[in-house]
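Examining the three-dimensional arrangement
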Amino acid sequence: MVSRRRLLAAGAAGGAAALVPAGWAASGRALAAVASLDAGDIPKYVAPLRIPPAMPAVGTGPERDEYVIAVRQFRQQILPRPWPRTTVWGYGSTAHAGSFGCPAPTIMARVGRPVRVTWVNQLVDARGDHLPHLLPVDPTLHWANPAGGVEHRDRHGRPDGSPQGYRGPVPQVVHLHGAHSAQESDGHSEAWYLPAARDVPPDFAVTGGAYAEFRSRFAERYGLRWAPGSATFEYDNDQRPCTLWYHDHTLGLTRENVYAGPAGFYLLGGDDLPDGVLPGPAPERDDPPNTAYHDIPLMIQDRSFTADGDLFYPGGYSSHPDGPVWVPGFSGSTMVVNGRTWPTLTVQRRRYRFRLLNGCNSRFLLLSVTANATARPARPVLPVWQIGSDGGLLPEPVPHERVALGPAQRVDAIVDFTDVPAGTELYLVNEGPDGMYGGGRPGVDFAPADPRTTGQVLRFVVSDATGVDPSVPPEQLRLPSHPRLGPAQRVRRLSLNERRSGDSTIMLLGVLDERGRGLPLRWSDPPTEQPTLGDTEVWEVRNFTRHVHPVHLHQVQFEMLGRGHSGSVRPEPGDRGWMDTVLAYPWEVTRIKARFDRPGRYAWHCHLLEHEDNEMMRPLNVLPRGAAEAGDGGAAAGDGGAAAGDGGAASAPAGPGSASTPTG
Ligand SMILES: [Cu+2]
């Protein structure tokens, strides 16, 4: 019998709407014909870059800033006119109907001042009935599965025979990526909730398995009980100033929920440098119209479209009676920055700060600034000065010819246009691959993205400066120093693995067996990563796959200690700051160090959203001191002196008992 997974959609008709390269497709049956938009037909650099405004607050009391933010369905001009507007989902303030957008308005926060957000799932129509997903949903993955009822939620579902897959009310839960959040405010994958719609079938689960527990915890801590169809989270902002972002995190549905649009920046500001040293300002609440911004977030995403201008995602629109099938990776055919394809930004002859975010599902970006949009190899004409990574400023500015950015990673950068003649046109180009990334150099180890389409991102048009630029040139910039983490109490040896699952190949996190081989584990296997509250740990992640995986830990910003065959190669200068998402290269050991100082249930996962949605995620439970750690791997520092200091060589092999021995 032919498994339905063998009938995996290989890509769109015509090949232009979606690229699922051979390395990704488990097998290659063509999809039923879908009239798809050829990305080469879309004119570039027509519309100006959108700069997301600051999110309107509903309250700014002495204690905290308060927001009520919903996810809604609306239409946005993503393609240039005369293409129609695209139906998308996005966040906005419920008190300001005009604030909804993709990306959403930016939440502007300050270190030390908490932010409370009530996140409302408003994926309902004007009558209050639920809206189905914009994209085909494979109901057979291990996912939220609301149709399974309370008994079978957060499990594998059944195909329901619809060519569009699951058509019921859509679960949502928001994760503030990179935040040092308490567990109840973290946006756990099983803390999802359906909209409070009129027509939710009575046998459906309306919340995920973790929702009630976190609702109680929040009520206990703050005396506020979540209303149906919503969750209220509090962000303490007790971390370094940095560039965070918020997006959906629903179990087994994140790839399609995020692809449909809901995402936004969260800029955590602070006093790490005096005002004016770095280029600014960024948008603030109640700015007068036509305020000039020199601190600009850039959310870079790849998207494909149907001929009607709707979002296209493969795996659906299939004639197969069982409905849509999960795809192991996805590359869109266009590049979208801040919600518009190939926009243009007029810059003055001065310095700009760009908060670069790779918001793609599974595309890796290799970015540079060039004078020629299509020449490859790209010839960079201006350095991109990296001043920060995911978790804050670097020890010192790092000039890059090319910036590598994996999904969910941020690079805080300065580009100096001061000496560029007015009238010059420059381009932000991308030489990452149109498909799975295994590391290496573009044009040598892999073909760079199509220079006519996905190899281009954004155009800069340089104009004369209208005022003085008080910011410090990046080559003279001194960044504040920050203490490093202390010695580790434990070394944990972990693995990234490739396994056959039916007729697909899926990627799994895991531990190591007693012979040092990868022992893959699924989301539902007993937890193995259970640090003790307050402990600092070194994680050695061995990648036994052919692909680069962006590994993301919730709760913490971590330090990178090393990579390479034994994990002893010193990190590149751009990786010497704090990170929440690290690239693990094939066959290498990626060593990181983190301190876990909040108790509770979290997760770590691959941030290729297709992988994350199909089991490449594991619990990360921080246990109170003295709690039992059944099945917990790792060695105490005393066992063979495995704890590694900063930047040291790979830790010595730990003594007996260092290999994890998970139960189950
Ligand atoms: Cu992965």
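Please refer to the structure placed before this passage.
Reading the values: rules and limits
- Residues numbered from 1 in each chain as written.
- Predicted model: local features only at pLDDT ≥ 70, side-chain atom pairs only at ≥ 80, totals over all residues.
- Heavy atoms only, no water.
- Helix = DSSP H or I, 4+ residues; strand = E, 2+ residues; numbered from the N terminus.
- Buried < 20%, exposed > 50% of the residue type's maximum accessible area, 1.4 Å probe, protein only.
- Contact = heavy atoms within 4.5 Å.
- Areas by Shrake-Rupley, 256 points an atom, 1.4 Å probe, with all protein chains shown as cover.
- Salt bridge = Lys/Arg side-chain N within 4 Å of Asp/Glu carboxyl O.
- Donors = N, O, S within 2.8 Å, 3.2 Å for Na, K, Ca; no water.
- Pairing = 2+ DSSP bridges.
- Axes fitted to C-alpha atoms, helices over the stretch in contact; angles between N-to-C directions.
- 1 Å grid on protein atoms, 1.4 Å probe; cavity = no way out; pocket = protein on both sides within 12 Å on 5 of 7 lines; lining within 4 Å.
- Points joined across faces, edges and corners; volume = space filled by probe spheres on them.
- Nonpolar A, V, L, I, M, F, W, Y, C, P; charged D, E, K, R; others polar.
- Phe/Tyr/Trp six-rings, centres within 6.5 Å; stacked < 30°, edge-to-face > 60°.
- Polar contact = N/O pair within 3.5 Å; in protein donor to acceptor, adjacent residues only side chain to side chain.

Section: the overall build of the protein chain
- Helices and strands together make up the secondary structure of the protein chain, namely four helices and 39 strands.
- Sorting the 664 residues of the protein chain into buried and exposed places 63% on the buried side.
- Look at the contacts in the protein chain between residues 6 or more apart in sequence, and 76% of them connect residues 24 or more apart.
- Total accessible area computed for the protein chain in this model is approximately 23100 Å², and 52% of it derives from carbon and sulfur atoms.

What to know about the pattern of salt bridges
- For the structure on display, the rule yields 38 salt bridges.
- With a shortest N-O distance of 3.3 Å, Asp-416 and Arg-351 are connected by a salt bridge. Placement of the pair is Asp-416 in strand β25 (residues 410-416) and Arg-351 in strand β19 (residues 351-358), with a sequence separation of 65 residues. Comparing Asp-416 with Arg-351, the two get one shared label, buried.
- Between Arg-595 and Asp-597 there is a salt bridge whose closest N-O contact spans 3.9 Å.
- What makes Asp-597 partly exposed here is its relative accessible area of 34%.
- Members of the salt-bridge network, linked through shared partners, are Asp-125, Arg-127, Asp-129 and Arg-198.

Regarding the environment of Val-589
- Within the secondary structure, Val-589 is located in strand β36 (residues 589-595).
- Taking the relative accessible area as the measure of exposure, Val-589 reaches 4% and is therefore buried.
- On a C-alpha basis, the gap between Val-589 and Glu-540 in space is 6.1 Å, while along the polypeptide they are 49 residues apart.
- Discounting chain neighbours no more than four positions away, the residues touching Val-589 are Glu-540, Val-541, Arg-542, Gly-562, Arg-563, Gly-564, His-565, Ser-566 and Gly-567.

A few points about the coordination of the copper ion
- Coordination sphere of the copper ion, protein contribution only: His-549 (ND1), Cys-606 (SG) and His-611 (ND1), at 2.1 Å.
- Taken in chain order, the donor set of the copper ion reads H-x56-C-x4-H. One end of the pair, His-549, is in strand β32 (residues 549-553); the other, His-611, is in helix α4 (residues 609-613), with 62 residues separating them in the sequence.
- Relative accessible area serves as the criterion here: at 0%, His-549 is assigned to the buried category.

What to know about the sheet that holds β32
- Strand order in the open sheet made by the four strands is β35-β32-β37-β38, with antiparallel pairing throughout. Edge strands, defined here as strands with exactly one partner in the open sheet, are β35 (581-584) and β38 (617-622). Mean inter-strand twist for the sheet, computed between neighbouring axes without regard to direction, equals 25 degrees.
- As paired strands, β32 and strand β37 (residues 600-606) are joined by three bridges and run antiparallel to one another. Bridging across to β37, Leu-553 finds its partner in Trp-604.

Digging into the pairing of strand β29 (residues 504-512)
- Burial within β29 is extensive, with eight of its nine residues counted as buried.
- Here strand β28 (residues 490-501) runs beside β29; their pairing, made up of eight bridges, is antiparallel. Of the residues in β29, the one forming a bridge with Arg-500 is Thr-505.
- In textbook terms, the turn of a hairpin is the stretch between consecutive antiparallel strands, and for β28 and β29 this stretch comprises two residues, one of which, Gly-502, has a positive phi near 65 degrees.
- Bridge analysis of β29 against strand β30 (residues 518-520) gives three bridges, and the strand direction is antiparallel. Counted as the bridge partner of Leu-512 is Gly-518 from β30.
- Following β29, the chain reverses through five residues before pairing antiparallel with β30; Gly-516 in that reversal takes a positive phi of roughly 80 degrees.

Remarks on empty space enclosed by the protein
- The final tally for this structure, using the stated rule, is eight cavities of 30 Å³ or more.
- In this structure, the largest cavity occupies an estimated 100 Å³ of space.
- For the lining of the largest cavity, the residue count by class is seven nonpolar, three polar and one charged.

A closer look at the packing of aromatic side chains
- Inspection of every chain in the model, using the stated rule, returns 24 aromatic pairs.
- Relative to Tyr-313, the ring of Tyr-259 lies with its centre 5.3 Å away and its plane at 65 degrees, an arrangement referred to as edge-to-face. Residue Tyr-259 is found in helix α3 (residues 254-259), and its partner Tyr-313 is found in the loop between β14 (311-312) and β15 (331-332); the two are separated by 54 residues along the sequence.
- Among the residues examined, Tyr-259 registers a relative accessible area of 1% and is labelled buried.
- Relative accessible area serves as the criterion here: at 1%, Tyr-313 is assigned to the buried category.
- When the centroid spacing of 5.1 Å and the interplanar angle of 55 degrees are considered together, the rings of Phe-417 and Phe-460 count as tilted.

Some points on the pairing of strand β33 (residues 558-562)
- Counting buried positions along β33 gives five out of five residues, so the element sits mostly inside the fold.
- Summarising the sheet, β33 and strand β34 (residues 578-579) pair through two bridges and their orientation is antiparallel. Residue pairing in the sheet places Phe-558 in a bridge with Met-579 of β34.

With respect to unusual backbone geometry
- Cis geometry is adopted by the peptide bond preceding Pro-281, which originates at Gly-280 and carries an omega value of 5 degrees.
- Mapped onto the secondary structure, Pro-281 falls in the loop between β12 (263-269) and β13 (295-305).
- Cis geometry marks the peptide bond from Arg-376 to Pro-377; its omega dihedral reads 0 degrees.
- Within the element layout of this structure, Pro-377 appears in the loop between β20 (365-370) and β21 (380-382).

Topic: the side chain of Asp-390
- Here Asp-390 lies in the loop between β22 (384-389) and β23 (392-400).
- By relative accessible area, which is 1% here, Asp-390 ends up buried.
- At 2.9 Å, the side chain of Asp-390 and the backbone nitrogen of Arg-410 are in polar contact.
- Polar side-chain contacts of Asp-390 include one of 2.9 Å to the backbone nitrogen of Asp-580.
- Those residues within four positions of Asp-390 in sequence are excluded, and the remaining contacts are Cys-242, Thr-243, Gln-409, Arg-410, Gln-557, Trp-578, Met-579, Asp-580 and Thr-581.

Topic: the environment of Tyr-585
- Note on placement: Tyr-585 falls in the loop between β35 and β36.
- Residue class for Tyr-585 comes out buried when judged on its relative accessible area of 19%.
- Separated by 21 residues in the primary sequence, Tyr-585 and Gly-564 place their C-alpha atoms 8.1 Å from one another.
- Non-local contacts of Tyr-585, meaning those with residues more than four positions away in its chain, are made with Tyr-437, Gly-439, Asn-543, Val-548, Arg-563 and Thr-590.

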